[in-house]
Amino acid sequence: MAAPPQLQALLLTVNALLRNRRYHTALAMLKGFRNGVVYGAKIRAPHALVMTFLFRSGSLRDKLRAILQATYRHSRNLALFVFTYKGLCSLQSYVQGETYQVHSFLAAFIGGFLVFRENNNINLQINMYLLSRVLFAMCRLGVEKGYIPQPKWDPFPLVTAVVWGLVLWLFEYHRPTLQPSLQSSMTYLYEDSNVWHDISDFLIYNKSRPSK
């Protein structure tokens, strides 16, 4: 079924606007905002769903509300950051008439401070995710630029051993320093597995259900 003429005319106008290079910068900011919303929801919703139903107590309504709130906060922050970053990069290039590498750092620095500065669980998880990858990337960049000698052997097994050694040491003896969600996961793996009463909470359930 063909679309009404008015709708076809509207679509033609909108598509002509989207193809106009004059508005490319502003439209790129808007699409970046859109992509931030979509990607934030795709990443956060499944994670929040699993973590909430595994480790959070409360009614079904409370759990669904927590999932929606976490998804909304992640999507909103990511969308705002992308919008801010792209806008500041474009502004710097316009003012200086050229694009420099420092523009990316400054735009992200300002955007990160404005959007992710609140110390909450969502922002903390995002920053920790980025920090681990930034550290790996900076090491690779150091090798690429010659600031760090090229390893003669694969350092990954040693890095893995150090990371796991440190995280279990912290969990056993300095637990409050770890992120709450990581504490919950490790408690489930390493402490809950020390307790059972019969076959039901040894194999079927993690913890025995209260008697009715």
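Residues numbered from 1 in each chain as written. Predicted model: local features only at pLDDT ≥ 70, side-chain atom pairs only at ≥ 80, totals over all residues. Heavy atoms only, no water.

Peer 1: Help me get a handle on the layout of surface pockets, residues and values and all.
Peer 2: Of the voids in this model, the largest pocket is the one considered here, and its volume is about 2,100 Å³. Forming the walls of the largest pocket are 49 residues, and the residues nearest its centre are Met128, Tyr129, Leu131, Ser132 and Arg133. Counting only elements with at least two residues in the lining of the largest pocket, the list comes to helix 2 (24-55), helix 3 (60-96), helix 4 (101-116), helix 5 (121-145), helix 6 (156-173) and helix 7 (180-191). Sort the elements by how many residues they give to the lining of the largest pocket and helix 5 lands first, with 17 residues. As a volume, the second largest pocket reaches approximately 510 Å³. (1 Å grid on protein atoms, 1.4 Å probe; cavity = no way out; pocket = protein on both sides within 12 Å on 5 of 7 lines; lining within 4 Å. Points joined across faces, edges and corners; volume = space filled by probe spheres on them. Helix = DSSP H or I, 4+ residues; strand = E, 2+ residues; numbered from the N terminus.)

Peer 1: I'd love a proper account of the packing of helix 6 against helix 7, names of residues and values included.
Peer 2: Angle between the axes and distance between the axes are the two parameters that describe a pair of packed helices. Between helix 6 and helix 7, the shortest axis-to-axis distance is 11 Å and the interhelical angle comes to 90°. Accordingly, the angle class assigned to the pair helix 6 and helix 7 is roughly perpendicular. Contacts between helix 6 and helix 7 involve Trp164, Val167, Leu168 and Phe171 on the former and, on the latter, Leu182, Gln183, Met186, Thr187, Tyr190 and Glu191. Across the contact of helix 6 with helix 7, the residue classes break down as 7 nonpolar, 2 polar and 1 charged. (Axes fitted to C-alpha atoms, helices over the stretch in contact; angles between N-to-C directions. Parallel < 35°, antiparallel > 145°, perpendicular 65-115°, else oblique. Contact = heavy atoms within 4.5 Å. Nonpolar A, V, L, I, M, F, W, Y, C, P; charged D, E, K, R; others polar.)

Peer 1: So, the pattern of salt bridges: which residues are in play, and what are the values?
Peer 2: Evaluation of the coordinates by the stated rule reveals 2 salt bridges. A salt bridge links Asp62 to Arg65; its shortest N-O distance comes to 3.0 Å. Note that Asp62 and Arg65 are positioned in helix 3 at a spacing of 3 residues, about one turn of the helix. What makes Asp62 partly exposed here is its relative accessible area of 34%. The partner of Arg175 in a salt bridge is Glu191, and the shortest N-O contact between them spans 2.5 Å. (Salt bridge = Lys/Arg side-chain N within 4 Å of Asp/Glu carboxyl O. Buried < 20%, exposed > 50% of the residue type's maximum accessible area, 1.4 Å probe, protein only.)

Peer 1: For the side chain of Gln125, give the residues involved together with the corresponding values.
Peer 2: In this structure, Gln125 sits in helix 5. Not counting the four nearest positions on each side in its chain, Gln125 is found in contact with Arg44, His47, Gln179 and Ser181.

Peer 1: Please provide a residue-by-residue account of the nonpolar core, values included.
Peer 2: Taken as a class, soluble globular proteins show a tendency for nonpolar side chains to be buried jointly. Judged by nonpolar contacts, Ala48, Ile67, Ala70, Phe81, Val115, Phe116, Ile122 and Ile126 together constitute the single largest core of 8 residues. The element best represented in this core is helix 3, accounting for 3 residues. What Ile67 contacts, discounting residues up to four positions off in sequence, is Ala45, Ala48, Leu49, Thr52 and Phe53. With 5 residues, the next largest nonpolar core counts Val167, Leu168, Leu178 and Met186 among its residues. (Core = buried A, V, L, I, M, F, W, Y, C linked by side-chain atoms within 4.5 Å.)

Peer 1: Which residues make up helix 2, and what are the values?
Peer 2: For helix 2, spanning 32 residues, the distance from its first C-alpha to its last is 45 Å, which sits close to the expected 46 Å at 1.5 Å a residue. Of the residues making up helix 2, those classed as buried are Met29, Gly32, Gly36, Gly40, Arg44, Ala48 and Thr52. Its buried side turned inward, helix 2 meets helix 3 and helix 5. (Expected span 1.5 Å × (residues − 1).)

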